[in-house]
Amino acid sequence: MSEMDDLAAFAVLIEAGSFTLAAQQLGCSKGQLSKRISLLETRFSVVLLQRTTRRLSLTAAGAALLPQAQALVVQVERARQALARLKDDMAGPVRMTVPVSLGETFFDGLLLEFSHKYPEVQIELDLSNNYRDLSRDGFDLAVRSDVSNDERLVARPLLAWHEMTCASPDYLEQYGEPLTPQALAEHRCLLNSHYSGREEWLYHQQHELLRIRVSGPFASNHYSLLKKAALAGAGIARLPSYLLQMELADGRLRWLLRDYQTRRMPMYLVHPYQGGLPKRTQVLADYLIGWFKRSGEALDRL
């Protein structure tokens, strides 16, 4: 036992008035408690108690030490209560809604990692590209690309992504690599049917805007399907940078036209405006922001 434990035991002993009752409260034997008090007296080179068969009496040294020992017991109890409140605030559900492609790409591994660190937090993840009213639908957090029209939300920057033009090595070996955006007109391009202008791809170089007409054998409104088609060698795709970190790193896809810029899109982590977030929600929000910052830095190094 530490010196602080022995001081606390001394305070409990005086409060209980007997070694028997104090030992019961401390969960030890009378002999163990007596030994702890003796060790405390040895450390301070004083006698703290006058012991008789009927009662305990404090010496002057014991009376001087008792208030400090009692204050220690109070501080330990306050710490215990604070930790109990923290545990209660950490335990429970956090409901979050995110876009489908983002959730499918990042959130399985990310939230598994988070759950290992904070097992008491229960995450309910909704994957949807539809607008969710967080307050009405009972969501604690969301990932949004546009927060300008909702003053009820607090927004924190999460990541900034851009579309990357990419293709598999097999496709490039068969059809060659386009070295300029204009060359895309001669290639099989994979189109995003979510956009009305899916057959026009925009690029910037310095102050020049290039509008490129493209066509191809496959279109989908789902980024994950377009990525699978690109991995299979079906054509050239434009995909969000957050979808491509692993595929670019291991060479399954190659980033094309790197000297030509595409529009950057911010994404935000948002929550309903309120006085303060529950600890479990705050911990998850901080974790997500840190995780995406590290992920973006890793992508920039590719």
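Refer to the structure presented above.
To keep things clear, this report deals only with the structure shown in the data block. These numbers were taken from a predicted model, which means no experiment stands behind them.

**A closer look at the overall build of the chain**
Then comes step 1: Scanning the chain from N- to C-terminus turns up ten helices and 13 strands.
Then comes step 2: Overall, the C-alpha framework of the chain stretches about 100 × 40 × 35 Å when taken along its three principal axes.
Then comes step 3: Counting the 302 residues in the chain, one finds 41% classified as buried.
Then comes step 4: Considering only residue pairs separated by 6 or more positions, the chain has 72% of its internal contacts joining residues 24 or more positions apart.
Then comes step 5: Split by element, the accessible area of the chain, about 17,300 Å² in all, is 50% carbon and sulfur.
Then comes step 6: Positive and negative side-chain charges in the chain, numbering 35 and 34 respectively, have mean positions lying 8 Å apart.

**A short note on the pairing of strand β11 (residues 236–240)**
Then comes step 1: Across the five residues that make up β11, a large majority, five, are buried.
Then comes step 2: Here strand β6 (residues 153–167) pairs with β11 via four bridges, running antiparallel. Among the inter-strand pairings, C166 is bridged to a residue of β11, identified as A237.
Then comes step 3: As paired elements, strand β7 (residues 188–192) and β11 share two bridges and run parallel to each other. From the neighbouring strand, L190 faces β11, where its bridge partner is A237.

**Section: the nonpolar core**
Then comes step 1: Ranked by size, the top nonpolar core spans 41 residues in total, and within it F107, Y242 and F292 carry the most contacts.
Then comes step 2: Elements with a minimum of two residues in this core: β3 (92–98), α5 (100–117), β5 (141–144), β6, α8 (223–231), β11, β13 (264–272) and α10 (279–300).
Then comes step 3: The dominant element in this core, judged by the number of residues it contributes, is α10, at nine residues.
Then comes step 4: Beyond its immediate chain neighbours, meaning those up to four positions away, F292 contacts L102, F106, F107, L110, L158 and L159.

**Digging into the environment of S2**
Then comes step 1: If you trace the backbone, S2 turns up in the segment before α1 (3–16).
Then comes step 2: A relative accessible area of 34% places S2 in the partly exposed class.
Then comes step 3: Once the C-alpha coordinates of S2 and L40 are considered, the two residues, 38 residues apart in sequence, prove to be 9.8 Å apart.

**Remarks on the packing of helix α2 (residues 19–26) against helix α3 (residues 30–44)**
Each pair of packed helices gets described by two things: the angle between the helix axes and the distance between those axes.
Then comes step 1: Following both chains from N to C, one finds α2 and α3 inclined at 95 degrees, their axes separated by 9 Å at the closest point. Relative to α3, α2 is oriented roughly perpendicular. The residues of α3 that touch α2, namely those facing F19, T20, A22, A23 and L26, are K30, L33, S34 and I37.

**What to know about the pattern of salt bridges**
Then comes step 1: Tallied over the full model, the rule gives 13 salt bridges.
Then comes step 2: The residue E124 makes a salt bridge to R95 at a minimum N-O spacing of 3.1 Å. Linking E124 in strand β4 (residues 121–127) with R95 in strand β3, this pair joins segments that are 29 residues apart in sequence.
Then comes step 3: What makes E124 partly exposed here is its relative accessible area of 41%.

**Here we look at the packing of aromatic side chains**
Then comes step 1: By the definition in use, this model includes five aromatic pairs.
Then comes step 2: For the ring pair F114 and Y287, a centre distance of 5.2 Å and an interplane angle of 65 degrees mean the geometry is edge-to-face. Remark: Y287 occurs in helix α10 and F114 occurs in helix α5; sequence separation between them is 173 residues.
Then comes step 3: With 5.7 Å between their ring centres and 85 degrees between their planes, W161 and Y242 make a pair best called edge-to-face. With W161 in strand β6 and Y242 in the loop between β11 and α9 (245–249), this residue pair connects regions lying 81 residues apart in the sequence.
Then comes step 4: By relative accessible area, W161 is classed as buried at 8%.

Calculation notes
Throughout this document, residue positions are counted from 1 along each chain, in the order its sequence is written. Given that the model is predicted, a residue must reach a pLDDT of at least 70 before its local features are reported, and side-chain atom pairs must reach 80 or more before they are shown or counted; all residues, however, enter totals for whole chains, interfaces and linings. Remark: hydrogens and water are excluded; side-chain values derive from all non-hydrogen atoms of the structure. To qualify as a helix, a DSSP run of H or I must reach at least 4 residues; to qualify as a strand, a run of E must reach at least 2; elements of each kind are numbered from the N terminus. Only protein chains enter the accessibility calculation, which uses a 1.4 Å probe; a residue whose area is less than 20% of its type maximum is buried, one above 50% is exposed, and one in between is partly exposed. By definition, residues are in contact when any of their heavy atoms lie within 4.5 Å. The method behind every accessible area is Shrake-Rupley, applied with a 1.4 Å probe, and residues are considered shielded solely by the protein chains displayed. When charges are counted, neither His nor the chain ends are considered; positive counts come from Lys and Arg and negative counts from Asp and Glu. Lysine's charge is taken at NZ, arginine's at CZ, aspartate's at CG and glutamate's at CD. Two strands qualify as a pair provided DSSP detects at least 2 bridges between them. Only buried residues count toward a nonpolar core. Its members are Ala, Val, Leu, Ile, Met, Phe, Trp, Tyr and Cys residues joined through side-chain atoms within 4.5 Å. Every angle, taken between N-to-C directions, lies between 0 and 180 degrees, and every axis is a line fitted to C-alpha atoms, over only the stretch in contact when it is a helix. If an angle is under 35 degrees, it is roughly parallel; if it is over 145, roughly antiparallel; if it lies from 65 to 115, roughly perpendicular; otherwise it is oblique. Criterion for a salt bridge: a side-chain nitrogen of Lys or Arg within 4 Å of a carboxyl oxygen of Asp or Glu. Only rings of Phe, Tyr and Trp enter the pairing, Trp through its six-membered ring, and a pair is recorded when the two centres are within 6.5 Å. The plane angle decides the type: under 30 degrees is stacked, over 60 is edge-to-face, the rest tilted.

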